[in-house]
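Read off the chains here:
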Amino acid sequence: MWGAVVLQGCNGEYPQSALHPSSDFATRLDDLFDQIFWWAVGVFVVVEAVLLYTIIRFRAGPGKRRPKEIHGNVALEIGWTLAPALILVAIAIPTVQTIFIVDRPTDDENALVIEVIGRQWWWEFRYPELGIVTANEAHVPVGRTVDLRLRSADVLHSFWVPRLGGKRDLVPGHENHLWFRPDSVGVFWGQCAEYCGTAHALMGMRVIVDEPADFDAWAELNAGDAVPITDPEARAGRGVFMANACIGCHVVRGSPVVGGNFGPDLTHFGGRLTVGAGILDNTRENLIRWLDATQHVKPGSLMPEVDLTDEQIAQLAAYLLALR
Ligand SMILES: [Cu+2]
């Protein structure tokens, strides 16, 4: 908690600080950190005090006497062996307890299940009970346990949203679990925490904790097909999207053409905050940059640069933003 107090003023600057927990899981880790920190402070103070005392009291110089030898002093030997051992035990007990608590599956029957699939280099989120498929941004309601089922489509990744909990690996061919109950509304930043190839450092995500009513509205909208497109530029963009490779890799539910799912589901992309797995704000300019120079914006990305005119790119941006 002390960490939260010290860093209260810097939240905006450090959106991925584990010292400002916003869930039960993250709070447990932060409490543990605090305990260990204060043990370390205690050790530091004692060691420095003895050191300073010794330096001043036994300073060398003419007429100064040498300190008494303590070699072979049994009481001292036992003391300074036992003290660190006891401190380590005091640290180990809460640490192991915390590991057991955060490792076991949740027993909350009302938990919201989300399947998280790590992909080079973005995140897919599926809500099996709600019929939602989205990417890079997961919405969850405040105060309700979230039960994540973690998988990988390719290599090892690691799910990490520091303010909501600890890291957990996504392992090909194996399902891992992670659960937490968010306690405050907000946008929480996350990042892949296991090196997974070229664009690993650009594999970000957001977990958006909503008021329950806002979550329900989001869920209802996102479970449905794409909204009707009325704006003429956006309609032209839809034509470009369907006629070019885009639809081969991206699903837009409700389209006449069935999309491929190699890339993120874009059905409600216009309502997302970011582009390219959390690396750019979702604005018209950034979308144009993304489509115009994908490999420059995110080197190594598995989205190729499609050859398009500036006009087509502008139309595509209008279309993507209209997919609310
Ligand atoms: Cu990674």
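Everything numeric here is computed off the predicted structure, so don't read it as measured data.

Participant: Is there a simple way to explain the domain arrangement of the protein in this structure?
Facilitator: For interface size, the figure often reported is the accessible area lost on association. Per the domain assignment, the segments of the protein are domain 1 (2-103) and domain 2 (232-322). Placing the centre of domain 1 and that of domain 2 at their C-alpha centroids yields a distance of 52 Å.

Participant: Just to check I follow, could you spell out the pairing of strand β10 (residues 204-210) for this structure?
Facilitator: Each regular strand displays side chains that alternate between the two surfaces of the sheet. Relative to β10, strand β4 (residues 137-141) is paired through 5 bridges, and the arrangement is parallel. In the strand pairing of β10, His139 is matched with Ile208. Looking at chain direction, strand β9 (residues 186-191) and β10 are connected through 6 bridges and run antiparallel. Counted as the bridge partner of Gly186 is Val209 from β10.

Participant: Honestly, the packing of helix α2 (residues 24-57) against helix α3 (residues 74-103) in this entry has me stumped. Any pointers?
Facilitator: The description of two packed helices rests on the angle between their axes and on the distance between the axes. Running from amino to carboxyl end, α2 crosses α3 at an angle of 175 degrees, the nearest separation of the two axes being 11 Å. Put simply, α2 runs roughly antiparallel to α3. Across from Phe25, Arg28, Leu32, Gln35, Ile36 and Trp39 in α2, the residues of α3 making contact are Ile87, Ala90, Ile91, Pro94, Thr95, Thr98, Ile101 and Val102. Considered class by class, the residues forming the contact of α2 with α3 number 10 nonpolar, 3 polar and 1 charged.

Participant: Quick question: what am I supposed to make of the sheet that holds β4 here?
Facilitator: Pairing between the strands of a sheet is mediated by backbone hydrogen bonds and can be parallel or antiparallel. Across the sheet, which stays open at both edges, the 3 strands sit in the order β4-β10-β9 with mixed pairing between neighbours. Of all the strands in the sheet, just β4 and β9 have a single pairing partner and so form its edges. Neighbouring strand axes in the sheet, compared pairwise and without regard to direction, differ in orientation by 25 degrees on average. This element, helix α4 (residues 212-223), spans β4 and β10 of the sheet and lies at about 135 degrees to β4.

Participant: Can you help me understand α3 in this one?
Facilitator: In this model α3 runs 43 Å from its N-terminal to its C-terminal C-alpha over 30 residues, within 8% of the 44 Å that 1.5 Å per residue would give. Across the 30 residues of α3, 0 count as buried, placing the element largely on the outside.

Participant: Would you explain α2 in this entry?
Facilitator: Given 3.6 residues to a turn, an α-helix orients residues that are three or four positions apart in the same direction. The terminal C-alpha atoms of α2, which comprises 34 residues, lie 49 Å apart, in line with the 50 Å expected from a rise of 1.5 Å per residue. What α2 keeps buried is the set Phe25, Ala26, Arg28 and Asp30.

Participant: Explanation requested: the sheet that holds strand β2 (residues 122-127) in the structure shown.
Facilitator: Reading across the sheet, the 5 strands line up as β3-β2-β1-β5-β8 and stay open at both edges, with mixed pairing between neighbours. Here the strands that pair on one side only, and so sit at the sheet edges, are β3 (132-135) and β8 (176-180). Strand-to-strand twist across the sheet, computed as the mean angle between neighbouring axes with direction ignored, equals 25 degrees.

Participant: Whenever I open this one, the nonpolar core confuses me. Can you help?
Facilitator: Generally speaking, soluble globular proteins have nonpolar side chains that are buried together. With 33 residues, the main nonpolar core has Val116, Leu148 and Ala277 as its most contacted residues. Counting residues per element, the ones that place at least two in this core are α2, β1 (112-119), β2, β4, β5 (146-152), β8 and β10. Counting 19 residues, the second largest nonpolar core, distinct from the first, contains Phe241, Val251, Tyr319 and Leu323.

Participant: Sorry, what's going on with the environment of Ala277 here?
Facilitator: Residue placement: Ala277 occurs in the loop between β11 (274-275) and β12 (280-281). For Ala277, a count of 24 C-beta atoms within 10 Å puts it in the buried group. Separated by 155 residues in sequence, Ala277 and Trp122 have C-alpha atoms that sit 5.3 Å apart.

Conventions used here
- Residues numbered from 1 in each chain as written.
- Predicted model: local features only at pLDDT ≥ 70, side-chain atom pairs only at ≥ 80, totals over all residues.
- Domains from an automatic or database assignment.
- Pairing = 2+ DSSP bridges.
- Helix = DSSP H or I, 4+ residues; strand = E, 2+ residues; numbered from the N terminus.
- Axes fitted to C-alpha atoms, helices over the stretch in contact; angles between N-to-C directions.
- Parallel < 35°, antiparallel > 145°, perpendicular 65-115°, else oblique.
- Contact = placed C-beta atoms within 7 Å.
- Nonpolar A, V, L, I, M, F, W, Y, C, P; charged D, E, K, R; others polar.
- Expected span 1.5 Å × (residues − 1).
- Buried ≥ 20, exposed ≤ 12 C-beta atoms within 10 Å, placed from the backbone.
- Core = buried A, V, L, I, M, F, W, Y, C linked by C-beta atoms within 7 Å.

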